[in-house]
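# Report on the structure
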Amino acid sequence: MSQLSRRRLLRAAGLTALAFGAGPGLAACAGSQVRTPRGGPPLSAPATGGASLNMRIWGAYPDFVGGAVKDFERTYGTKVDLGVIAGDYPSLMTNLLRQNTPLDMVYSLWHMPQAYYEAGWIRDFERFWAKEDAKREMVPAVREALTVNGSLIGLPYFAFVNGALFANTDVLRKANLEGDYPKTYDELYAQVRLIKKRGATDTPYLPSFWSAPWFGITFGFLQEALNRNIPLFGDGGLPVFDEQSAVVDMLRQWRDLYNEGLVPKGVLTFQESDWTETFAKGGVAYSPQLQYDLKTFADPATSQVAGKIVPVPQQGQHWGMLHVGAYLIGDHGQGDDVLAQSYRLAQHFGYRDQRTGEFDVPMAWAKNYYMTQGYTEVNNSPELAESVAKWLPDPETNLPVLRDYLTNPQAATSLFHTTWGPTWMNFASHELPKAVNGDEDAKTVVKNLRTKAESLIDVYGH
Amino acid sequence: MSTVTEPIAPARPPKARGAASARIPFSSRLSPTRFGFLLVAPVLLLLLAIVVYPVAYSLYLSFVHTNPLTGRQDFVGLKNFQSVFTDPAFWHSAWLTIYYVACVTVLAAAVSLGMALLLRERFIGRPVLMAVIVLPWSLSTYAAGVVWRYVFSPQYGLLAGIFEKLGLSPVDFLSQNTVLPSLAIVHAWQFAPLGAYFLLASLQVIPEDLYKLGKVDGMGILRRFTSITMPYVRLPLTIFLVLVGGQAATAFDLIYFLTSGGPGGASQTLTYDIYQQTFQDQSFGTGAATSWVLLVVLTAVTAGYYAMAMSSSRREKKVS
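The written sequence of each chain sets the order in which its residues are numbered from 1. Numbering of ligands from 1 and lettering of chains from A proceed in the order in which they are written. The model is predicted, so local features are restricted to residues of pLDDT at least 70 and side-chain atom pairs to those at 80 or more, both for listing and for counting; the totals for chains, interfaces and linings are taken over all residues.

### Things to note about the overall build of chain B
Quick note on the threshold: Secondary structure is summarised from DSSP: a helix means a run of H or I of at least four residues, a strand means a run of E of at least two, and numbering begins at the N terminus for each. Put simply, a residue is buried when 20 or more other C-beta atoms lie within 10 Å of its own C-beta and exposed when 12 or fewer do; between those, it is partly exposed, and each C-beta is set from the backbone. Two residues qualify as being in contact provided that their C-beta atoms, derived from the backbone, are within 7 Å of each other.
On a plain count of helices and strands, chain B comes out with 15 helices and 2 strands. With the C-alpha coordinates of chain B rotated into their principal frame, the extents come out at 125 × 75 × 40 Å. Within chain B, the fraction of its 320 residues that count as buried is 32%. Look at the contacts in chain B between residues 6 or more apart in sequence, and 68% of them connect residues 24 or more apart.

Encoded structure:
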């Protein structure tokens, strides 16, 4: 076997070094790729056929989505490649969009698109032929949520309240408190103590997503602060809370709930499904939940408390805050023809279908899964009311309560419409549990949250 | 007589050089070294693309600041490393990583050695047991995470159910004080079978006569273990410890599935911290710097440990 000479070794090493240097160089160039300029005349609905589109979603009811995609393909002759992204969807999607992955339509929660839009990773809907009609028909709060820097950046996938307060009437009856609903968080926490004292259950309160996945505890924090009218973020996302803020006392109340064993054990490491499974198992009197999960709790196949869970009426104070999912269109340098096809796919899912003129997919979401929509016409339709009445206990009393939740929900717009909001929320999701389990004092946690927001403003600008 | 030498007509027209060599197989014309390089080239290219390039790019990232929105990159020298070393969160994660690695290696070593010793014995059902104990190792980490959620959960978990039957209240095994040992149990459970097979191979070459002689010499069970068994398994055990230690130091999926780094930051080891910085916070520079710190420390510790183990093994051989 011939020997590897020194010269050949050096040549190989040189080539390897070149490869090392060239790779990052190329990647750096790719990172600063020029995005599609904004603006342009409104587009018209395209002819059938044409481009093949890529659609990416998280794993909620993929069979239903697949069916809707097939309908679209049949109707319009446009191929759609549907992919489900498992795991940490927000982070994965952010990185896919950053890398110019050719994604024509994707799911997103409404606190992400501000950064996406300012970075030039998504197209807006300003050239969508039905933009004005869609905006006019949207619930005002949803319209505001999906408007970034004056531009409509997506169509609503869902709109409901995160942290809608549900009560288990069975436990309340045992505690002799049926119908005696709390009006504020202070009353709620007083009542859960009373329920435990009366021996109705050991863990009367299941808090709102006190764990890290999907920004869980941060959503709980934001919504309770909003409901209590504790200001957190001002105009432009500037933090207006500090160690003197009432939010410190709120966190101390959380710690007390945890210490007194009023909440189930393990809540700080719950996964997403644990929140519904624990409430559905029974034994919890009150829990702020995603509004659409009410149907899950009413289904005897998945719930041991079917027929016993009702929404707590809002009597002065709100329960929960607006939660909006959106259909966004990625910017991968596509031409007007592909953009028009993407608009039509988004329209099929997130507005009135172009051909039928009806809210086909939105209505199906609402009726099949109680995934309420960003359109009043869908949410207040007799069709949906009829469908909900089949599973909701005492619909005459409770349906108006549910509608009230959606009428004028509070929203964390001042934070969600910042480019750094998601990063702060990630940080908060690991910081807030420390105030609950006593790893850190509530004041220190609040101080850290403020410092983080300020440092992110330094990096991102706003 | 004159002899006329006629030019001999070539039987066939001369062939071009290339054509002549075309009859020789391509592989035969290559030197063995070149042929070797050619054989490994596809794998080498793959390794360059999926190992060398990302590693080199992460090194590059650790020296630049990348704007998360515009992608603009500015050279910042060692600033990212300075940020890492002055961040208390890094030291917290580093401590958790050391603690976690210690828990996993001790548990995995103990369980695998125990299993290997058990499997060396002859008893009814041994082949079945040998097949069964490999199951945890063959499971994907995701599946292991799901299984152990159903063991640990204080709401619906197996242990909670047993506690309830015993009239005890359920325990939160993933609380801030118990989360790392609990994760370490899962990790050790998954990797101990590998160690057991590793050690079993060494145990099976120990001559039975040595134990008999040991008994004759009046050695107790502990003495026989330390004087006869251990010298045979020390080196494979060392290799297994390095494997499982390195694996524990870079563990991510199990932590992600079971605790997401929580509660709070109680299970936020360095790997999870790197994930959070890089993918959730889009702080590519400090994420890359942290990963390089971890890589250098791991390499140094592993190399040092190997060197110590090898020199100790050489000393023992000399003595014997």
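Don't stop here, the text continues.
### As for the overall build of chain A
Broken down by element type, chain A carries 20 helices and 10 strands. Expressed as a percentage of the 462 residues in chain A, the buried residues total 50%.

### Describing the interface of chain A and chain B
Put simply, the rule reads: Polar here means any residue outside two lists: the nonpolar Ala, Val, Leu, Ile, Met, Phe, Trp, Tyr, Cys and Pro, and the charged Asp, Glu, Lys and Arg; Gly therefore counts as polar.
Between chain A and chain B, the residue contacts involve 37 residues of the former and 34 residues of the latter. In terms of residue count, the dominant contributor to the side of chain A that touches chain B is helix 1 (residues 6-31) of chain A (7 residues). Of the residues in the side of chain A that touches chain B, the class split is 15 nonpolar, 15 polar and 7 charged.

### Thoughts on the nonpolar core
Quick note on the threshold: Note on terminology: a nonpolar core is a set of buried residues of type Ala, Val, Leu, Ile, Met, Phe, Trp, Tyr or Cys, with members joined through C-beta atoms within 7 Å.
Counting residues in hydrophobic clusters, the biggest one holds 143 residues, and the most contacted among them are A:Tyr205, A:Leu222, A:Ala285 and A:Tyr327. By residue number, the principal contributor to this core is strand 7 (residues 155-168) of chain A, which donates 10 residues. Contact partners of A:Tyr205, with chain neighbours within four places excluded, come to A:Val192, A:Leu257, A:Leu262, A:Val263, A:Val284, A:Ala285 and A:Tyr286. Core analysis: the next-biggest nonpolar cluster, separate from the first, contains 46 residues, B:Ala144, B:Ala249, B:Ala251 and B:Leu258 among them.

### Here we look at unusual backbone geometry
All names here are of chain B. Residue Pro 263 is bonded to the preceding Gly 262 through a cis peptide linkage, with omega at 0°. Of note, Pro 263 is situated in the loop between helix 13 (253-258) and helix 14 (270-280). Of note, the phi angle at Gln 282 is positive, near 55°, even though the residue is not glycine. Residue Gln 282 is classed as buried on the basis of its 23 C-beta neighbours within 10 Å.

### Digging into helix 9 (residues 216-227) of chain A
Counting along an α-helix, one turn takes 3.6 residues, and residues three or four places apart therefore face a common direction. Residue and element names in this part refer to chain A. Counted only if it meets this: Expected span of a helix, by definition, is 1.5 Å for each gap between consecutive residues, and there is one gap fewer than residues.
The end-to-end C-alpha distance of helix 9, which contains 12 residues, comes to 17 Å, matching closely the 16 Å that a straight helix rising 1.5 Å per residue would cover. Across the 12 residues of helix 9, 12 count as buried, placing the element largely inside the fold. Of the residues making up helix 9, those classed as buried are Gly 216, Ile 217, Thr 218, Phe 219, Gly 220, Phe 221, Leu 222, Gln 223, Glu 224, Ala 225, Leu 226 and Asn 227. The inward-facing, buried residues of helix 9 abut strand 7, helix 8 (185-197), helix 10 (246-259), strand 10 (321-330), helix 18 (413-416) and helix 19 (421-437).

### Notes on the pairing of strand 7 of chain A
All names here are of chain A. Formally: When DSSP locates at least two bridges between a pair of strands, those strands are taken to pair.
The buried count for strand 7 comes to 14 of 14 residues, which makes it a mostly enclosed element. As judged from the 7 bridges shared by strand 7 and strand 10, these two strands associate in the antiparallel manner. Paired with Asn 162 across the bridge in strand 10 is Met 321. Where strand 7 and strand 8 (residues 286-290) come together, 5 bridges link them in antiparallel fashion. Across the sheet, the residue bridging to Asn 162 is Leu 290, located in strand 8.

### What about the environment of B:Tyr272?
Residue and element names in this part refer to chain B. Tracing the sequence through the fold places Tyr 272 in helix 14. A count of 23 C-beta atoms within 10 Å places Tyr 272 in the buried class. Each C-alpha atom, one on Tyr 272 and one on Arg 126, is 39 Å from the other, the two residues being 146 residues apart in sequence. Apart from the residues within four sequence positions on either side, Tyr 272 is in contact with Phe 252, Ile 255 and Gly 261.

### Thoughts on the packing of helix 14 (residues 360-369) of chain A against helix 16 (residues 382-389) of chain A
All names here are of chain A. Applicable threshold: Orientation is described by axes fitted as lines to C-alpha atoms, over the contacting stretch for helices, and by angles from 0 to 180 degrees between their N-to-C directions. Angular relationships are summarised with four words: roughly parallel below 35 degrees, roughly antiparallel beyond 145, roughly perpendicular across 65 to 115, and oblique for the angles in between. Throughout, a crossing is termed right-handed when the near helix is turned clockwise from the far one, and left-handed when it is turned anticlockwise from it by less than a right angle.
Relative orientation of the contacting elements helix 14 and helix 16 amounts to 20°, with a least axis distance of 8 Å. In terms of orientation, helix 14 lies roughly parallel with respect to helix 16. Viewed along their axes, helix 14 and helix 16 form a crossing whose handedness is right-handed. On the side of helix 14, the interface is formed by Met 363, Ala 366 and Lys 367, while helix 16 contributes Glu 383, Leu 384 and Ser 387. Of the residues that constitute the contact of helix 14 with helix 16, the class distribution is 3 nonpolar, 1 polar and 2 charged.

### Things to note about the confidence of the model for chain B
All names here are of chain B. Rule in force here: Per residue, pLDDT measures the predictor's confidence, with a range of 0 to 100.
Confidence in the prediction of chain B, expressed as mean pLDDT, is 87, and 92% of residues score 70 or more. Taken element by element, chain B is modelled with least confidence in helix 1 (residues 17-22), mean pLDDT 52, and with most confidence in helix 4 (residues 79-86), mean pLDDT 96. Low pLDDT, under 50, characterises residues 1-7; the stretch is placed with 0 contacts to residues that sit more than four places away or in other chains. For this predicted complex, the interface score ipTM comes out at 0.83, alongside a pTM of 0.85.

### Considerations on the packing of helix 5 (residues 88-120) of chain B against helix 12 (residues 221-249) of chain B
Residue and element names in this part refer to chain B. With their axes 9 Å apart at the nearest point, helix 5 and helix 12 run at an angle of 140° to one another. In terms of their interaxial angle, helix 5 and helix 12 are classed as oblique. Handedness of the helix 5/helix 12 crossing: right-handed. Along the contact surface, helix 5 presents Thr 97, Tyr 100, Val 101, Val 104, Thr 105, Ala 108, Ala 109 and Ser 112, while helix 12 presents Leu 237, Phe 240, Leu 241, Val 244, Gly 245, Ala 248 and Ala 249. Residue composition of the contact of helix 5 with helix 12, by class: 11 nonpolar, 4 polar and no charged.

### Remarks on the confidence of the model for chain A
Residues at a pLDDT of 70 or more form 92% of chain A, whose mean pLDDT is 91. Every residue in residues 28-32 of chain A is under pLDDT 50, and counting partners more than four places away or in other chains gives 5 contacts.

### Topic: the environment of B:Thr141
Residue and element names in this part refer to chain B. In this fold, Thr 141 is placed in helix 8 (residues 141-152). On a C-alpha basis, the gap between Thr 141 and Phe 252 in space is 9.7 Å, while along the polypeptide they are 111 residues apart. For Thr 141, the residues in contact, after removing those within four places along its chain, are Asp 253 and Leu 254.

### Quick look at the environment of B:Tyr150
Residues and elements named next belong to chain B. Mapped onto the elements, Tyr 150 comes out in helix 8. Overall, Tyr 150 belongs to the exposed group, with 12 C-beta atoms counted inside 10 Å. Each C-alpha atom of the pair Tyr 150 and Thr 178 lies 17 Å from the other, and the pair is 28 residues apart in sequence. Sequence-distant contacts of Tyr 150, that is, excluding residues within four places in its chain, are made with Gly 157 and Leu 158.

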